[in-house]
Each structure stands twice: as C-alpha cells, then as structure tokens.
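Read off the chains here:
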Amino acid sequence: MTYQQAGRVAILKRIAGWILFIPALISTLVSLLRFLEASREKREGINAVMQDFSHVMIDMIRFNTGFLNAFWHNSPVPDFNQGGNWLFWLIYILIFVGLALQASGARMWRQAQHVREGIEDQMILEKAKGEEGRSRQQLEEKIVVPRHTIFLQFFPLYVLPVLIAVAGYFVLKLAGFIG
C-alpha cells in the first residue's frame, strides 16, 4: 500500500472507529442507567435514600435527553444477577473495537505523515544531486506502508474492557445493585 493509500485508509479507520464508539458508549450508558432504575427496590435507611436519589437522577437524565429516545427505548437492559446479557456485552465490546479502530487509524496517519515529510526532505537532497537524482515518483514507488490491524491494539482491545468491567462490578456490588 502506498503512503497516499495509507493516509486514506487511516482516515476511514478513524471515522469508522468514532462511528462505532459513540453509539456503543451511549447505548451502554443508557443500558446501565435502565438497569439501575429497574433494580430499584424498597429498602430501608441509607440504601432507600440512595435508591430514591438515583431514581430522581435517572428520570432527570431521561427527561433532558429526548434526542436519545431511540437509545432509551432500544438499549438492552442487563440483568447481572441471572445472566443472559449477550446483547449488552456485544454492544459493550463494540466500544473497545471502535477505540482500537481509531487508535489504529491514528497510528497509520502518523506514519503516512512521517513518510510524506521524509519524501519532501529526500527530494531536497535529490535536487541537489542534479541530473543523477531520483524523481518524486521513483521515491514513492519504493515506499510500501504495512497494513495495520486493530488486533495489535493490545490495551484498548484486550486490557481496558476487562479493567472497566471489573471496576464496574465492584461499584455496582458496593452500591447494592448486584446481589
């Protein structure tokens, strides 16, 4: 792949990453809010105050985000106590696939920019050689940019989802939403 093609692929990867990341993040957050609202039980003491506070906050968020009604009506509500959350987890994983795509595109973009600057620098030297110097086309034909896969984005694709899921489990467990 030439460096010009790498630049175009990098832009497409970054756009696709953001297109995956933003809706998946919104859907996951809405799903978690709906889970918090659905798991509200009548409790006594400080738990009852926390439950009522969370219910009021969720209602206020829902009321003020009317433009997200598609997410409020269609996002899956997870049930962490019984299981069967495969659609929720699929959308959750799409967050990190989008991040990995964006990171891969950003790396390709930086490499394409670096190659472009290197060619400009080399062209100055080639013009100084006079007639025996190589042309821009000859330099560009020699350059082959490797393809980058999202599976090499180790941290955003493999480590970060596990860390956030474990932290979320502990927060929900401490808050009493998971039994």
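Attention in this report is confined to the structure presented alongside it.

Cut-off values and rules
Residues numbered from 1 in each chain as written. Predicted model: local features only at pLDDT ≥ 70, side-chain atom pairs only at ≥ 80, totals over all residues. Heavy atoms only, no water. Helix = DSSP H or I, 4+ residues; strand = E, 2+ residues; numbered from the N terminus. Buried < 20%, exposed > 50% of the residue type's maximum accessible area, 1.4 Å probe, protein only. Salt bridge = Lys/Arg side-chain N within 4 Å of Asp/Glu carboxyl O. Lys, Arg positive; Asp, Glu negative; His and termini not counted. Contact = heavy atoms within 4.5 Å. Phe/Tyr/Trp six-rings, centres within 6.5 Å; stacked < 30°, edge-to-face > 60°. Expected span 1.5 Å × (residues − 1). Axes fitted to C-alpha atoms, helices over the stretch in contact; angles between N-to-C directions. Parallel < 35°, antiparallel > 145°, perpendicular 65-115°, else oblique. Left-handed = near helix turned anticlockwise from the far one by under 90°. Nonpolar A, V, L, I, M, F, W, Y, C, P; charged D, E, K, R; others polar.

### Description of the overall build of the chain
Piece 1. In terms of helices and strands, the chain carries 6 helices and 0 strands.
Piece 2. Mapped in sequence order, the helices and strands of the chain form the string α-α-α-α-α-α.
Piece 3. Dimensions along the principal axes, computed over C-alpha positions, put the chain at roughly 90 × 30 × 25 Å.
Piece 4. Classification of the 179 residues of the chain by burial places 34% in the buried group.

### Let's talk about the pattern of salt bridges
Piece 1. Summed over the entire model, instances satisfying the criterion amount to 3 salt bridges.
Piece 2. Two residues, Arg62 and Glu37, come together in a salt bridge whose shortest N-O distance is 3.8 Å. Remark: Glu37 occurs in helix α1 (residues 3-38) and Arg62 occurs in helix α2 (residues 46-64); sequence separation between them is 25 residues.
Piece 3. Overall, Arg62 belongs to the partly exposed group, its relative accessible area being 32%.
Piece 4. Note that Arg134 and Glu126 form a salt bridge whose closest N and O atoms lie 3.3 Å from each other.
Piece 5. Relative accessible area serves as the criterion here: at 30%, Arg134 is assigned to the partly exposed category.

### Some points on the side chain of Arg34
Piece 1. Along the polypeptide, Arg34 turns up in helix α1.
Piece 2. The charged side chain of Arg34 is buried without a salt bridge, its nearest counter-charge being Glu37 at 6.1 Å.
Piece 3. When near neighbours in sequence (up to four residues on either side) are disregarded, Arg34 contacts Arg62, Trp72, His73, Asn74, Ser75 and Val77.

### A word on the packing of aromatic side chains
Piece 1. Counted according to the given criterion, the structure contains 9 aromatic pairs.
Piece 2. Between the aromatic rings of Phe80 and Phe88, the centroid separation amounts to 5.7 Å while the plane-to-plane angle is 80°, which identifies the pairing as edge-to-face.
Piece 3. By relative accessible area, which is 22% here, Phe80 ends up partly exposed.
Piece 4. Cluster of aromatic residues (ring-pair linked, three or more members): Phe35, Phe80, Phe88, Trp89, Tyr92 and Phe96.

### Focus: helix α4 (residues 86-129)
Piece 1. Between its terminal C-alpha atoms α4 stretches 64 Å, which fits the 64 Å expected from 44 residues at 1.5 Å a residue.
Piece 2. After α4 finishes, the residue Gly130 shows a positive phi value of roughly 85°.

### Overview of the packing of α1 against α4
Piece 1. Packing of α1 against α4 brings their axes to within 6 Å, and their N-to-C directions diverge by 155°. Comparing their axes, α4 and α1 come out roughly antiparallel. α1 and α4 meet at a crossing whose hand is left-handed.
Piece 2. Along the lines of polarity and charge, the residues of the contact of α1 with α4 split into 26 nonpolar, 9 polar and 3 charged.

### Examining the packing of α4 against helix α6 (residues 154-174)
Piece 1. As a packed pair, α4 and α6 sit with axes 9 Å apart at the nearest point and diverge in direction by 135°. Classified by the interaxial angle, the pair formed by α4 and α6 is oblique. Crossing of α4 over α6 shows right-handed handedness. Here α4 contributes Trp89, Tyr92, Ile93, Phe96, Val97, Leu99 and Ala100 to the contact with α6, which in turn contributes Pro156, Leu157, Leu160, Pro161, Ile164 and Ala165.

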